[in-house]
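These are the residues of each chain, in order.
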Amino acid sequence: MGKKIYTGRYTTENDQDVVVFIIGMRINKRLAVRKWGPVFTAMPGMIKELYENQEELGFLSMESYFGLRTTIMVQYWRSTEDLLAYAKEKKHLTAWQNFNKKVGENDAVGFYHETYQIKAGSYESVYRNMPLFGMGNAKKHIPITAQHNSARKRLQGVKVN
C-alpha cells in the first residue's frame, strides 16, 4: 500500500528556525564499485540511527533521490548545532574516516553537501494532493485556510495552536 495522500492544499508552520542539509554523492567511474560502494552503503545505517533517535539528535525528516550517477538526500534539522553535533557522533565520524581512507583523492566518486539555515517566517510551502513530503513531513502539516492562502500570507507566519 502506498503512502496516504492528503487531498486538498496543505502548508507547514514556519514559526521556528530550520536547517536544510543537502548531501549526496556522484559516481564518476561506474565500474569502480570498490571505490564508490562503501560511500553508498554507509548511509543506510546512519539514516536508521537518525530516525531511531530523532528527538535526541534534532533530526526532523529527509527525502532521498537516486539518479543514474548522482544521489541526493535532503534532510531537515532542528538547528545547525544539532547537525554539527551529529557530524561528530561515532557512526558518522567512523563513516567519514572510512570514506577518506578508502576514497581519499581518488576521482571515482564525488561527494557534496550544502547547509542552509532558514529563519522562522522566511520559508513557505504548499502541498496539494500529496503524501507527507519534504518540509511537510518535517514540520507540522496543516490545511491551508484563508488565513494563509497565498505565499505572501504564509511568509508572514503560519502558526496553528
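Since the model is a prediction, treat every value here as computed from it, not as a measurement.

The next thing to look at is the nonpolar core. Soluble, globular proteins show a tendency: their nonpolar side chains are buried together. The biggest cluster of nonpolar side chains holds 14 residues, and the ones touching the most others in it are Leu50, Trp77 and Tyr86. Residue assignment for this core shows that the elements contributing at least two residues are strand S2 (18-27), helix H1 (33-52), strand S3 (59-66), strand S4 (71-77) and helix H3 (80-87). Those residues in contact with Trp77 that lie beyond four places of it in its chain are Val18, Val19, Phe21, Leu50, Leu57, Gly58, Phe59, Leu60, Asp82, Leu83 and Tyr86. Val18, Ile22, Val74 and Tyr123 belong to the second-largest nonpolar core, a separate cluster that totals 10 residues.

Space inside the largest pocket adds up to approximately 760 Å³. If you trace the largest pocket, you find 35 residues lining it, with Ile23, Met43, Met46, His92 and Phe111 closest to the centre. Considering every element that reaches the lining of the largest pocket, the biggest residue donor is H1, with 9 residues. Residue composition of the lining of the largest pocket, grouped by class: 24 nonpolar, 9 polar and 2 charged.

Cut-offs applied
Residues numbered from 1 in each chain as written. Predicted model: local features only at pLDDT ≥ 70, side-chain atom pairs only at ≥ 80, totals over all residues. Heavy atoms only, no water. Core = buried A, V, L, I, M, F, W, Y, C linked by side-chain atoms within 4.5 Å. Buried < 20%, exposed > 50% of the residue type's maximum accessible area, 1.4 Å probe, protein only. Helix = DSSP H or I, 4+ residues; strand = E, 2+ residues; numbered from the N terminus. Contact = heavy atoms within 4.5 Å. 1 Å grid on protein atoms, 1.4 Å probe; cavity = no way out; pocket = protein on both sides within 12 Å on 5 of 7 lines; lining within 4 Å. Points joined across faces, edges and corners; volume = space filled by probe spheres on them. Nonpolar A, V, L, I, M, F, W, Y, C, P; charged D, E, K, R; others polar.

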